[in-house]
Amino acid sequence: MAHFDDATNEYSAVHSSSEGEVLSRLRRATWLSTTKPQMLSDPIQGRFLAIISKMIRPMRILELGTFTGYSTICLSEGLVQGGVIETIEINEELQEMHEKYFKDAQISEIVKRHYGHALDIFKSGNIKGPYDLVWIDADKEHQIDYVEFAISKLRVGGWLLVDNVIWGGAVLDKKKLTKVDSRAARIHKLNQYIVESEKVENVLVPVWDGLQILRKL
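Keep in mind it's a predicted model, so treat the numbers as computed, not measured.

Caption draft 1: A look at the overall build of the chain. Secondary structure summary: the chain contains nine helices and seven strands in total. Scaling as 2.2 N^0.38, a compact globule of 217 residues should have a C-alpha radius of gyration of about 17 Å, and the chain matches this with 17 Å. Across its three principal axes, the chain shows a C-alpha extent of roughly 45 × 45 × 35 Å. For the chain, the exposed surface amounts to about 11,300 Å²; the carbon and sulfur share of it is 53%.

And the structure:
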């Protein structure tokens, strides 16, 4: 995935609300203790997720791809009283970190965690819905399956956000797109699927690594 450490991003960070002390500590812990810390949302994206959640004021949120829990905490900021966020993570070794930082962020009681492959958890029937907001930042091999499932579990008028849909510009590389099993080809196919779907309206926003914003019709 792409990360942008240019002057514009730095300027945006300086002129945006702070991520706060807990998220700052979690960011540091992620970079110190995980093998792929670059998967973490940067502060700007985190504040974006938080403010979108606050705009929507969801009762129920579903997240695919907890990682160390940074985006989970950000998304939880907009939950209405009595709301809950369910999050799916394939790496069970991250449980201890989740427990620590969800407790520090005082959201332990409103987070329902599912560990395992998302497709297996879908089949278990434990993801009920309907959800007001879904955030997908998971593996790229099954993105269309994830989006189809998310749409089926969203309420009418509900929102779906999908990360990494430009993949560092790879979706524009014709040579990479000819390799049908490449991530670029898979993500391009996902973007085609979304724009052709009659179940949603969408906009692909060219920020960070590309963000699809969908609203269920």
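Caption draft 2: Structural context of helix α9 (residues 183–196). End to end, α9 covers 20 Å across 14 residues, agreeing with the expected 20 Å (1.5 Å per residue, within 8%). Here α9 has its buried residues at Ala 184, Ala 185, Ile 187, Leu 190, Asn 191 and Ile 194. The inward-facing, buried residues of α9 abut α7 (143–153), β5 (154–163), α8 (174–177), β6 (200–205) and β7 (211–216).

Caption draft 3: Summary view of the packing of α7 against α9. Two elements in contact, α7 and α9, have axes separated by 9 Å at closest approach and are oriented at 25°. Considered as vectors, α7 and α9 are oriented roughly parallel to each other. Crossing of α7 over α9 shows right-handed handedness. Packed against α7, whose contacting residues are Gln 143, Ile 144, Val 147 and Glu 148, the element α9 presents Lys 189, Leu 190, Tyr 193 and Ile 194 at the interface. Residue classes in the contact of α7 with α9 are distributed as five nonpolar, one polar and two charged.

Caption draft 4: Broad picture of the layout of surface pockets. One number sums up the size of the largest pocket: a volume of about 920 Å³. Every residue lining the largest pocket is counted, 36 residues in all, and those nearest its centre are Lys 36, Met 39, Phe 67, Glu 89 and Ile 90. Those elements giving two or more residues to the lining of the largest pocket turn out to be α4 (70–76) and β2 (84–89). Residues belonging to the lining of the largest pocket are distributed by class as follows: 14 nonpolar, 14 polar and eight charged.

Caption draft 5: Here's a closer look at the sheet that holds β2. If you trace the seven strands from one edge of the open sheet to the other, you get β3-β2-β1-β4-β5-β7-β6, paired in mixed fashion. Only two strands of the sheet have a single neighbouring strand rather than two, namely β3 (111–115) and β6. In this sheet, neighbouring strand axes are inclined to one another by 15° on average, regardless of whether the strands run parallel or antiparallel. Inspection of the sheet shows strand β4 (residues 131–136) paired to β5 by five bridges, in the parallel sense. From the neighbouring strand, Tyr 131 faces β5, where its bridge partner is Leu 154. Here helix α3 (residues 43–56) sits on the sheet and contacts β1 (60–64), β4, β5 and β7; the angle it forms with β4, its principal contact strand, is near 165°. With respect to the sheet, α9 is in contact with β5, β6 and β7, its orientation differing from that of β6 by roughly 140°.

Calculation rules
- Residues numbered from 1 in each chain as written.
- Predicted model: local features only at pLDDT ≥ 70, side-chain atom pairs only at ≥ 80, totals over all residues.
- Heavy atoms only, no water.
- Helix = DSSP H or I, 4+ residues; strand = E, 2+ residues; numbered from the N terminus.
- Rg over C-alpha atoms; globule rule 2.2 N^0.38 Å.
- Areas by Shrake-Rupley, 256 points an atom, 1.4 Å probe, with all protein chains shown as cover.
- Expected span 1.5 Å × (residues − 1).
- Buried < 20%, exposed > 50% of the residue type's maximum accessible area, 1.4 Å probe, protein only.
- Contact = heavy atoms within 4.5 Å.
- Axes fitted to C-alpha atoms, helices over the stretch in contact; angles between N-to-C directions.
- Parallel < 35°, antiparallel > 145°, perpendicular 65-115°, else oblique.
- Left-handed = near helix turned anticlockwise from the far one by under 90°.
- Nonpolar A, V, L, I, M, F, W, Y, C, P; charged D, E, K, R; others polar.
- 1 Å grid on protein atoms, 1.4 Å probe; cavity = no way out; pocket = protein on both sides within 12 Å on 5 of 7 lines; lining within 4 Å.
- Points joined across faces, edges and corners; volume = space filled by probe spheres on them.
- Pairing = 2+ DSSP bridges.

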